[in-house]
Amino acid sequence: MIPFLTYPLAMLALATVPALAAIYILRNRYRRKQVSSLLLWRFQVQSKAGGAKVHRLQLPLIFFLELLALLLLVVAATGPHWQLPQSQRPLIVVLDDSFSMRATKDGISAQTSAHDFLEKLFRQQPPPNTRLVLAGTEPRSLGASVKNWREVENLLPQWKCWSPGAAIDSAITLATELGKQQANLLVLTDHKPADEKISNPRLEWRAFGSAQDNFAIVNASRTVFGEQDRCLLEIANFSGGARTTKLLVQTGSNAPQSSVISLGAHENQRLVFNIAFSAPSLHAVLEKDSLAEDNEVQLLPPIRKRVRVQVALTNENSSTLVSRTLEATGLRAAISENPELVIHETDTVTSSNSWSLRWSGDGATNAYTGPFILDNSHPLAAGVALEGIVWAAASATNSPGDVPVILAGNVPLLSVREDVAGRRHLTLNFNPALSTLQNTPDLPIIFFNILQWRIAEMPGLKESNTRLGAEVILKTTGETVTVTQPDGEKKVFPKTGGELALETPVPGIYSVATGVVTNLFSVNAMTADESDLSANATSQWGQWSEDTQRRLEEASAVWIFGLLAAALLATHLYLIASGKGAK
Amino acid sequence: MDAALRQSLRDGEMLGARYALQIPQVAASGIIGSRAGRRAGSSIDFQDYREYQPGDDLRFIDWGIYARTDRLTVKLFREEVTPHLDLILDGSRSMNLEGTIKSTAVAQLAALLATSAANAQCSQAVWLSGEGFQRLPNDTLSPSAWDKLELSSSRTPEQSYEILPPKFRHLGVRVFVSDLLWPGEPVQLLRRLREGAAALFVIQLLARDDATPPEHGNLRVVDSETGIENEIYIDSSSAKQYAENLAQLQQSWSDACRQCGAQMTTLIAEDLESSLGELEAIQLLIPA
C-alpha cells in the first residue's frame, strides 16, 4: 500500500485519474441510432445466445495510454525504490584509530597488519563499494563510498592511529546506519570484542594485536608551585610480572637524569619533583618497548598569568586590607600600570579593558550573621563557606543589571554587572570595621576567585600541557589564529572573538600564533587503557554468513517510471498526430 | 397511407413522365395489346404468307391467290402484344428507416417506374413483400391511386417469397427495389425472380446513412427490423470494416445478378433525382 497521504504530489496526480475516467465516460456515452440492418455490423455484433452478457468497456487506446501515464506518474511521485539483487554486499570497514594500534611485535604494528589484510581482501574479492569509518574517541566516516583498492589507499593516510581511545561500538552503529542493514561490516582492531560471541551475521571482527608487556607514562603534569614548577609523572607497568625500566628526565638543555623504575605486575608509581619555573620544557622518556608512543612526555612551563591590580581606595585600612589579601592570592602582578582590575570606592571611569571592583559599605552598621545565600554556580563563589562570620554591609537593594552572587536576605553583598564592552563591574558591600570576614579564609578566597576569573577572561591559552585528544581552550580578542601541529599541518582560524577550542589529534608541541604573540602547548599520549596491551590478540570473531552474501540493494526507480510515462506520452502524441488515437 | 408517401407517389409520377420503360425484345410477347409482338398475330400489319394448314383461321386465307394459283394461302399479320412490368417492392421496415427519406424514395421510384412503364404502353403490377407478396390495391392505375404502400414488415423479401410467392406475368419485365440488407444467399431469390421474366432489374435503394458509416463515437445501433440493439464504438477501423462489408454485400448481389442475367444498380435515396441516369445506364429507362 502506497502511503499517498505522505506524498501530496502522488495524491494530486491520483485525483486526476477519476477525472480522466469521468471525461472519457461522459465522452463515450452511447448515441442511439436506428440502422437498416445489423448485417453490416456483423463484425461488432456479439451473440445474444447464452443469456446476459457483459459489455466490454468501449474506450480508445489513448485513454489507456493516458491512464497508464497518470498511474506511472503517481507511482513516480511516491519515490519508489526497488531492490536489486547484488552478487556481493558493500563493505564498511571500521578502523581502530587508537594509538595502541601502533604497538609493534617484531617490528610490525597492528595497523600495518590490518592494512595488509585489507589490501589482500580487496585483491582477492573486491566488494562493490566500500566505506571506511574511523573509530577514534568519536566515530568518523572517511569520505564517500570507494570502489577499488586505489581509492581506499587514498583514504587510508587519514588512519593515523593517534586517538586516545576507540569507540568501536559507536563506529559499528554508525556503519550499520550507513550500510542500511545491508552491508557487511569489518572491524579491524588490535583487541578482542567485549562479547566474543558475535550474533550479527554481517559483522566480522578481526584483531591484529598481541598481548605484550608495556611500560607507560599514564599521567604527567607541570603546575605552578610558588617560584618553582611541580612536576608529576605516573608510570605504570602493564605487564604480567614485575619488570624494570629506565626513566630519563631532561629539563631544558640540562643533562638528562636517569633513574630505574621497578614495578610489579600492573603497578603504578608516581614521581613528584620540583623544577625551576624558568626551565623551558621537561622531557621524560622511558626505555623502548612494544608501544613507543606512551613512553615519552614533554611538559612545558605552566601558564603564569597575573592580574595588574590598581587599588584606589581612600580608606587606608581598607586599602591595606585589600593589598594584603591580593598578595595572599599570589595572582597579583607586580606592576599596576594599565590595570586589569581597579578597586575603588566610587564609580570611577576605568580604562578600556579593565574590570572594576567597587568597595562600598564603609561606615555601614548593619551586621549580618547569616544565613548567606551564595550562587554556587558562579566562579566567584567557588570555595566560599561564610560559616560563623559577621558581614557588615549597607542595607542596599540590588541595582538594576547587577547579578547578586552573595546575599544576606535581600541585601546584596557581592554582585556583578557586565557592560556593553564585556567588562565586568563587581560591587563588594563590605565594612571590615564591623565584620569578621577578613579574619577567615573566605576573603582571600573571594579575591582569589576575582583574580582567577579575570585571568580566565584574558586572551591566550588556558593550559600549556594536555592529553592527546583533549581540547585546548584559547581565548582570543579577534585576531587571526594560526595553529601549527607537531606534524607540520597548519590550521588558520579567521578573526573570531571569544573562545577557540583547539583539537589535539597528534602528540607533540603545538604552536599557536595569535597576532604577534606565539604560544606553545604540549600534547602527550597518556591513556592507560591504550597502553595496556595485555588484552590484545590476533584472531577473528564472527563471520559474514553465506546467506548474506547475496542481498537486495534499494535503488530509486523514479527514473524508470518517468521514462515509461514519457514513452507513453510520446506514443500518445504519435497516435493523435497520425489519427489513430481513437482506435 | 402516409401522406408523405402519397406525395412521393405523385412526385414520382411527375418525374416518370419524362421516361419510358425500355422493353427488351424478348419481352415483346404477351397478351394482345398495342405493341407489335415478335410473332405473327392479329394486328393489321402484314408480315408474311404461308401455306394453309388445317386449323388456320379461314378469315386470313388470301382468296385472290387461291383464285390465281388454286392453292390455299393464308396471310400472316404481326402480333400486337402488351408488355408487362412487375414492380417488386421490399416492404420491410428497413425501407422505412427512421431519420431518412428512404421510404419516400421507394414510393417516388416506384411511381417513376410505373409511370415510365405506362409511357411504354406496359401493363404493370406492383408487388409488396410482407406476409407473402401482395399486390398493391389499384396498382394498375396511376401511382397516385395506389393504396396501402406500407413499409412495415419485419420479414425479408426472401421470407415473404417463402410464405406467398408473387404471380408474375410470363415474360414480363421485373424490377426489384430493395436495400438488399438481409443475410442470405441472393442467388436463390434472384433465380426465382428471374424465372419466366423477360428481364430482371435489381435496384438497391440505400439511404445515405446506409451507404456511409456513422461518425466516430459510441453508438447503440438498433436493427430496424428485429429491434436488436448493439453498443458499438465507431472508429476509423470499424468504419472501414463497415464499408468493406457493404461492398462485399453489393459484390455478392452483383455476382448473383450476373449469374442470373439480371441488371443491378445502387441508388442513394437522398440523391434519387440526380441518379436516374443509372437506370438509363442499365437500360431500364429511356427518355420518353
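These numbers come from a predicted model, not from an experiment.

Conventions adopted
Residues numbered from 1 in each chain as written. Chains lettered and ligands numbered in written order. Predicted model: local features only at pLDDT ≥ 70, side-chain atom pairs only at ≥ 80, totals over all residues. Heavy atoms only, no water. Helix = DSSP H or I, 4+ residues; strand = E, 2+ residues; numbered from the N terminus. Rg over C-alpha atoms; globule rule 2.2 N^0.38 Å. Buried < 20%, exposed > 50% of the residue type's maximum accessible area, 1.4 Å probe, protein only. Contact = heavy atoms within 4.5 Å. Areas by Shrake-Rupley, 256 points an atom, 1.4 Å probe, with all protein chains shown as cover. Lys, Arg positive; Asp, Glu negative; His and termini not counted. Charge placed at Lys NZ, Arg CZ, Asp CG, Glu CD. Buried area = accessible area lost by both parts, 1.4 Å probe. Salt bridge = Lys/Arg side-chain N within 4 Å of Asp/Glu carboxyl O. Polar contact = N/O pair within 3.5 Å; in protein donor to acceptor, adjacent residues only side chain to side chain. Pairing = 2+ DSSP bridges. Axes fitted to C-alpha atoms, helices over the stretch in contact; angles between N-to-C directions. Domains from an automatic or database assignment. Phe/Tyr/Trp six-rings, centres within 6.5 Å; stacked < 30°, edge-to-face > 60°. Lys NZ or Arg CZ within 6 Å of the ring centre and 35° of its normal. Expected span 1.5 Å × (residues − 1). pLDDT = per-residue confidence, 0-100. Disulfide = S-S within 2.5 Å.

Just to check I follow, could you spell out the overall build of chain A for this structure?
Tallying secondary structure elements over chain A gives nine helices and 35 strands in all. Scaling as 2.2 N^0.38, a compact globule of 583 residues should have a C-alpha radius of gyration of about 25 Å, whereas chain A reaches 39 Å, well beyond that. Seen through its principal axes, chain A has C-alpha atoms that stretch 135 × 70 × 45 Å. The buried share of chain A, taken over its 583 residues, is 44%. Long-range pairs, those at least 24 residues apart, make up 69% of the contacts in chain A between residues at least 6 apart in sequence. Taken as a whole, chain A presents about 29,100 Å² of accessible surface, with 55% of it coming from carbon and sulfur. For chain A, the centre of its 51 positive side-chain charges and the centre of its 53 negative side-chain charges are spaced 19 Å apart.

In this structure, what is going on with the overall build of chain B? I would like to understand it.
Helix and strand counts for chain B stand at eight helices and 12 strands. Per-residue burial over chain B gives 52% buried out of 288 residues. Long-range contacts, defined as pairs at least 24 residues apart, comprise 75% of the intrachain contacts of chain B with a sequence gap of at least 6. Summed over its atoms, the accessible surface of chain B is roughly 13,000 Å², and 47% of this surface lies on carbon and sulfur atoms. Here chain B carries 27 positive and 39 negative side-chain charges, and the mean point of each set is 8 Å from the other.

Looking at this structure, I do not really get the interface of chain B and chain A. What am I missing?
With 37 residues of chain B at the contact, the number on the chain A side is 27 residues. The largest share of the area that chain B buries against chain A comes from N218(B), E231(B) and Y233(B), three residues that together contribute 21% of it. For the pair chain B and chain A, the interface holds one salt bridge. Viewed at the interface, chain A and chain B are joined by 11 residue pairs in polar contact (both at pLDDT 80 or more). Alignment of strand 1 (residues 31-35) of chain A against strand 9 (residues 217-223) of chain B, held across five bridges, turns out to be parallel. What sits directly across from R32(A), in strand 9 of chain B, is R220(B).

Hey, could you run me through the sheet that holds strand 11 (residues 228-237) of chain A in this one?
In sheet architecture, strand pairing relies on hydrogen bonds along the backbone and comes in two forms, parallel and antiparallel. All names here are of chain A. Taken in spatial order, the three strands line up as 10-11-14 in an open sheet, and their pairing is antiparallel. The open sheet is flanked by strand 10 (215-225) and strand 14 (268-276), the only strands paired with a single partner. Sheet twist, expressed as the mean angle between neighbouring strand axes with direction ignored, is 15 degrees. Bridge analysis of strand 10 against strand 11 gives 10 bridges, and the strand direction is antiparallel. From the neighbouring strand, S221 faces strand 11, where its bridge partner is L232.

What is the right way to read the domain arrangement of chain B from this model?
Interfaces are frequently sized by the accessible area removed from exposure as the parts join. Partitioning chain B into structural domains gives domain 1 (3-28 + 82-287) and domain 2 (33-81). The centre of domain 1 of chain B, based on its C-alpha atoms, is set 43 Å off from the matching centre of domain 2 of chain B.

Could you clarify how one ought to interpret the environment of A392(A) in this entry?
Residue and element names in this part refer to chain A. Looking at the secondary structure, you find A392 in strand 22 (residues 391-393). Separated by 30 residues in sequence, A392 and D362 place their C-alpha atoms 8.9 Å apart. When residues no more than four places from it in sequence are discounted, the contact partners of A392 are A364, N366, A367, Y368, N429, F430, N431, L434 and S435.

How should I be thinking about the packing of aromatic side chains in this particular structure?
Centre distance and the angle of the planes are the two values used to describe a pair of aromatic rings. A full pass over the atoms with the stated rule returns 13 aromatic pairs over all chains. Summarising the aromatic geometry, the rings of F63(A) and F64(A) are spaced 5.3 Å apart at their centres and angled 75 degrees between planes, so their arrangement reads as edge-to-face. Ring centres of W182(B) and W253(B) lie 5.3 Å apart, and the angle between their planes is 75 degrees; this geometry places the pair in the edge-to-face category. Placement of the pair is W182(B) in the loop between strand 7 (173-178) and helix 5 (186-194) and W253(B) in helix 7 (residues 236-260), with a sequence separation of 71 residues. Among the residues examined, W253(B) registers a relative accessible area of 2% and is labelled buried. Geometry around F225(A) places R230(A) over its ring, the cationic atom sitting 3.8 Å from the centre. The ring of W127(B) carries R135(B) above its face, with NZ or CZ at 5.7 Å from the centroid.

I keep staring at the side chain of S103(B) and nothing clicks. Help me out?
Residue and element names in this part refer to chain B. Relative to the assigned elements, S103 resides in helix 3 (residues 102-119). On the accessibility criterion, S103 (11% relative accessible area) is buried. What S103 contacts, discounting residues up to four positions off in sequence, is L5, M95, N96 and L151.

What's the story with helix 2 (residues 61-77) of chain A in this structure? I'm lost.
The terminal C-alpha atoms of helix 2 of chain A lie 24 Å apart, and with 17 residues this matches the ideal 24 Å at 1.5 Å per residue to within 8%. Buried residues of helix 2 of chain A: I62(A), F63(A), L65(A), E66(A), A69(A), L70(A), L72(A), V74(A) and A76(A), and no others.

How do you make sense of the confidence of the model for chain A when you look at a structure like this?
Keep in mind that low pLDDT regions are not for reading the predicted coordinates in detail. Here chain A averages 84 in pLDDT, while 92% of its residues score no lower than 70. Between residues 45-53 of chain A, whose pLDDT stays under 50, and residues either more than four places distant or in other chains, the model counts nine contacts.

I would appreciate a short explanation of the state of the cysteines in the present structure.
Working definition of a disulfide: a covalent bond connecting the sulfur atoms of two cysteines. In the structure shown here, the tally under the stated rule is zero disulfides over all chains. With no disulfide of its own, C260(B) lies closest to C257(B) among cysteine sulfurs, the gap being 7.1 Å.

Please explain the pattern of salt bridges as it appears in this structure.
If charged atoms from side chains of opposite charge come close, those side chains can pair. Applying the stated criterion across every chain, the model contains 28 salt bridges over all chains. Ionic pairing is found between R174(B) and D86(B), a salt bridge with its closest N-O pair at 4.0 Å. Taken together, the residues span a long stretch of sequence, with R174(B) in strand 7 and D86(B) in strand 4 (residues 84-89) at a distance of 88 residues. Residues joined in a network through salt bridges with shared partners are E418(A), R424(A), E457(A) and K475(A).

Which parts of the structure should I look at to understand the domain arrangement of chain A?
Residue and element names in this part refer to chain A. Looking at the assigned domains, one finds that chain A contains domain 1 (1-25 + 56-80 + 557-567 + 579-583), domain 2 (86-211 + 535-556), domain 3 (309-456) and domain 4 (460-523). One C-alpha centre belongs to domain 2, the other to domain 4, and the line joining them spans 32 Å. Listed as interface residues are five residues of domain 2 and, on the opposing side, seven residues of domain 4. Both sides of the domain 2 and domain 4 interface together cover about 380 Å² of buried area, and 70% of this is carbon and sulfur. For domain 2, the biggest contributors to the area lost against domain 4 are K160, W162 and P164; these three give 94% of the whole. Across the contact surface, domain 2 and domain 4 share one salt bridge. D487 is the salt-bridge partner of K160, the closest N and O atoms lying 4.0 Å from each other. Where domain 2 meets domain 4, there are zero residue pairs in polar contact (both at pLDDT 80 or more).

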